[in-house]
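# Examination of the molecular architecture
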Amino acid sequence: MNIDNKKLIYEGKAKKIFANKNPEEVIVQFKDDATAFNAAKKSTFEGKGELNCFISETIFKYLINQNIPTHYIRSNSKSSFIAQKVKIIPLEVVVRNTAYGSICNQTNIEPGTVLKEPLIDFYYKDDNLNDPLLTIDRIILMDIISQEELLFIKELTKKINSILMVFFSNIQINLVDFKVEYGRNQNGQVVLADEFSPDNCRLWDMKANNGKIESLDKDRFRHDLGDLIEAYSEISNRIKIFISST
Ligand code: UDP
């Protein structure tokens, strides 16, 4: 499908969303661009879009097979897929299994601490406000979603985490944390949306030696820890081997 003559609906930091012929569908196209620290750091990595598209698609299909509602519909090209047209709920839902990143800067929890149970944090998706951490009461006060839907999202996110912890441990990866977003589709149903790629999670290689952390995710770009494409390709290759063996 030629994307050049499609109408661009939205352009984000790492993806473009195009209208599809069917008004209930959109084309999600992954870009090679990478940003960090609210776009203060920017770069382009040839091949990142295709890798993130493959990883996201595979994970969405895997979750759908486990009865998780997502916006994913079908493949389209190497760097794009077809998804349900949704209205994104302006919450960044972060799951933490191991403490790292912002939680360690804001609390006395040491980096690398394995949490007794997964922590779900909600952030307000607003670049102008720098995506602030929210409380449940603030979410209700701001009228972002109802209490029932918030509870639904929390439970669904926990379920996704349980499924993906096992998925990644099968490929010798520790799923440290990740960010997901939800959207409301044309039927009013809340579904997992956006993407699931190493741009939005921390993936530590369990094969790493000497107890040293080996990041196979966007921390490589954030903190100049090594070749980003090498890491994303490693994730993609391990997923391919795992999928073909199941
Ligand atoms: N994350 C994300 N987008 C954001 C903020 C965080 O995808 O705007 C992801 C990030 O990649 C990590 C997890 O959410 O996997 C937790 O991020 P954290 O709150 O620790 O923030 P950071 O330390 O990355 O600033």
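This text gives an overview of the structure that appears in the document. (Residues numbered from 1 in each chain as written. Predicted model: local features only at pLDDT ≥ 70, side-chain atom pairs only at ≥ 80, totals over all residues. Heavy atoms only, no water.)

### Section: the pattern of salt bridges
Tallied over the entire structure, the rule returns 23 salt bridges. Note that E11 and K31 form a salt bridge whose closest N and O atoms lie 2.7 Å from each other. In this pair, E11 sits in strand β1 (residues 8–11) while K31 sits in the loop between β3 (25–30) and β4 (33–36), placing the two residues 20 residues apart along the sequence. For E11, a relative accessible area of 41% corresponds to the partly exposed category. Two residues, R220 and E230, come together in a salt bridge whose shortest N-O distance is 2.9 Å. (Salt bridge = Lys/Arg side-chain N within 4 Å of Asp/Glu carboxyl O. Helix = DSSP H or I, 4+ residues; strand = E, 2+ residues; numbered from the N terminus. Buried < 20%, exposed > 50% of the residue type's maximum accessible area, 1.4 Å probe, protein only.)

### A few points about the pairing of strand β11 (residues 173–184)
Taken across its 12 residues, β11 has 10 buried, putting it largely inside the fold. Looking at chain direction, strand β8 (residues 87–88) and β11 are connected through 2 bridges and run antiparallel. Across the sheet, residue K87 finds its bridge partner in β11, namely R184. Here strand β9 (residues 91–98) pairs with β11 via 4 bridges, running antiparallel. From the neighbouring strand, V93 faces β11, where its bridge partner is V180. Direction of pairing for β11 relative to strand β13 (residues 201–205): antiparallel, over a ladder of 5 bridges. Bridge pairing links F178 to C201 in β13. (Pairing = 2+ DSSP bridges.)

Purely spatial values, then, with no claim about function.
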